[in-house]
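Architecture at a glance
Take a look at the letters that make up each chain.
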Amino acid sequence: MIRYFSVTRENMFRSLLLALILLTLACSGRSLAAEPVRLILDTDIGNDVDDALALAMIHALENRAEVRLLAVTITKDNRYAAPFVDLLNTFYGRPGIPIGVVHNGKTREDSPMLKVPVERRDSSGQYVYPRHIQDGSQAVDAVELLARLIRGEPDHSVTIAQIGFSTNLVRLLKTSGGRDLVRQKVKVLCLMAGNFVKAEPEYNVYTDPDSARSLFEQWPTSMIFSGFEVGLKITFPFEAIQRDFAYADKHPIPEAYRIYVGKPEDHPNWDSTAVLEAIRPDRGYFDLSPPGRVTLGPKDTTVFTPDPQGNCRYLIIRPDQVERVRELIAILVSEPPQRTPSAATSRMVF
Ligand SMILES: [Ca+2]
């Protein structure tokens, strides 16, 4: 009897222990999965529509808890860029994401794909796309924001996706202690820049070549380049613009796309490839080059020199990977918002 009781008690104890373990696993399901990528997006939004597509994709992946967008910093020096980013974040239910802007930067000209949605009002005079920031002058300086945010993150935890010019990140490196801060906190920099199949200048590089040169020389973590040739193949389907955003009467993504592209056609989606690699590096969407170094050649072309000690790699996309990545990005970009702004937790830090 005593033996029977002790065995039963032992069984009960084991059952309880098992139940506790299962309960713990169930409650901590998120922690069993990979931690969300801590991402900063540095963008020249407004110079092409693919930055906006990339930002929409980030929101879809944040809905899946695969990424946490810490901040958006902007390298297009235009007053409409920050309100446009803010209205996109608000549309996708995350109105509090910090936004930093460049000062004395490149491409100051207005862009209709920013200005029209930002200024559009309904019949009662209200903005069609609400946001906090009405003018870029209300936003904080990008370099200050980058330094402050990165400092508060765990070591080697921050992923940066640079899908514009290198202005902000080079300025961060040049701040006092900036390079050490980046080396300590940043895990990887994924950037849309250069061309690794043809000796042709690429826009993000030749628009601010001095910054690009310095970045490629001095950035202290690993870098993964998505060259011009990759995004050229990953076009965004116009059919998605026509059909897949109808869940909203007014939607800033198809509106910006139609304004920018101006024709009913597919458009290369360079920036989303760098962002996809930043968030999902292990899914076989792309192949990677061997390690090496990237320098600037004649006419600000990018030159890749293989080097086992180098900190740079570039993406390679095989023909059989193209349709998979193209379809995936289109689905993610066109996913409806999963949160409403009112239900969103504000992450405004200033
Ligand atoms: Ca861009």
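Residues numbered from 1 in each chain as written. Predicted model: local features only at pLDDT ≥ 70, side-chain atom pairs only at ≥ 80, totals over all residues.

Observations regarding the pairing of strand E11 (residues 292–296)
Across five bridges, E11 lies against strand E12 (residues 302–306) in antiparallel orientation. From the neighbouring strand, Arg 293 faces E12, where its bridge partner is Thr 305. Count of turn residues in the E11/E12 antiparallel hairpin: five residues, of which Lys 299 carries a positive phi of about 55°. (Pairing = 2+ DSSP bridges. Helix = DSSP H or I, 4+ residues; strand = E, 2+ residues; numbered from the N terminus.)

Details of the environment of Leu 191
By secondary structure assignment, the location of Leu 191 is in strand E6 (residues 186–192). As a C-alpha pair, Leu 191 and Ala 278 span 87 residues in sequence and 8.8 Å in three-dimensional space. Dropping the residues within four chain positions of it, Leu 191 is found in contact with Gln 162, Met 223, Phe 225 and Ala 274. (Contact = placed C-beta atoms within 7 Å.)

Looking at the confidence of the model for the chain
For the chain, the average pLDDT comes to 92, and 87% of its residues sit at 70 or higher. Mean pLDDT values for the elements of the chain range from 46 in helix H2 (residues 29–32) up to 99 in strand E1 (residues 37–43). Here residues 342–350 scores under 50 on pLDDT; set against residues more than four positions off or in separate chains, the count is 14 contacts. (pLDDT = per-residue confidence, 0-100.)

Some remarks on the environment of Leu 328
Tracing the backbone shows Leu 328 in helix H15 (residues 319–333). With 17 C-beta atoms packed within 10 Å, Leu 328 lands in the partly exposed category. In this structure the C-alpha to C-alpha distance between Leu 328 and Leu 276, which are 52 residues apart in sequence, comes to 9.8 Å. (Buried ≥ 20, exposed ≤ 12 C-beta atoms within 10 Å, placed from the backbone.)

Let's talk about helix H10 (residues 209–218)
Burial in H10 covers these residues: Ser 211, Ala 212, Leu 215 and Phe 216. The arc that holds the buried residues of H10, viewed along the axis, is 125°, so those residues lie on one side. Looking at the packing, one finds that the buried side of H10 touches helix H7 (167–174), helix H9 (203–206) and E11. (Arc of directions from axis to C-beta.)

Digging into H15
Its 15 residues give H15 an end-to-end C-alpha distance of 22 Å, which sits within 8% of 21 Å, the value for a rise of 1.5 Å per residue. Looking only at H15, the buried set comprises Val 325, Arg 326, Ile 329, Ala 330, Leu 332 and Val 333. When H15 is viewed along its axis, its buried side chains cluster within an angular range of 165° and face the same direction. Residues Asp 320 and Glu 323 are exposed on H15 and point more than 90 degrees away from its buried face. (Expected span 1.5 Å × (residues − 1).)

Structural notes on the nonpolar core
Leu 39, Met 57, Ile 58, Val 85, Phe 225 and Val 275 are the most contacted members of the largest nonpolar core, which has 98 residues in total. In terms of residue count, the dominant contributor to this core is helix H3 (residues 50–63) (nine residues). Among all residues touching Phe 225, those that are not within four sequence positions of it are Leu 191, Ala 193, Gly 194, Phe 196, Val 294, Cys 312, Tyr 314 and Leu 315. (Core = buried A, V, L, I, M, F, W, Y, C linked by C-beta atoms within 7 Å.)

Structural notes on the pairing of E6
The element E6 is extensively covered by neighbouring structure, given that five of its seven residues are classed as buried. Bridge analysis of strand E5 (residues 158–163) against E6 gives five bridges, and the strand direction is parallel. Of the residues in E6, the one forming a bridge with Gln 162 is Leu 191. The pairing of E6 with strand E7 (residues 222–226) spans five bridges and is classified as parallel. Looking across to E7, one finds that Leu 191 is bridged to Phe 225.

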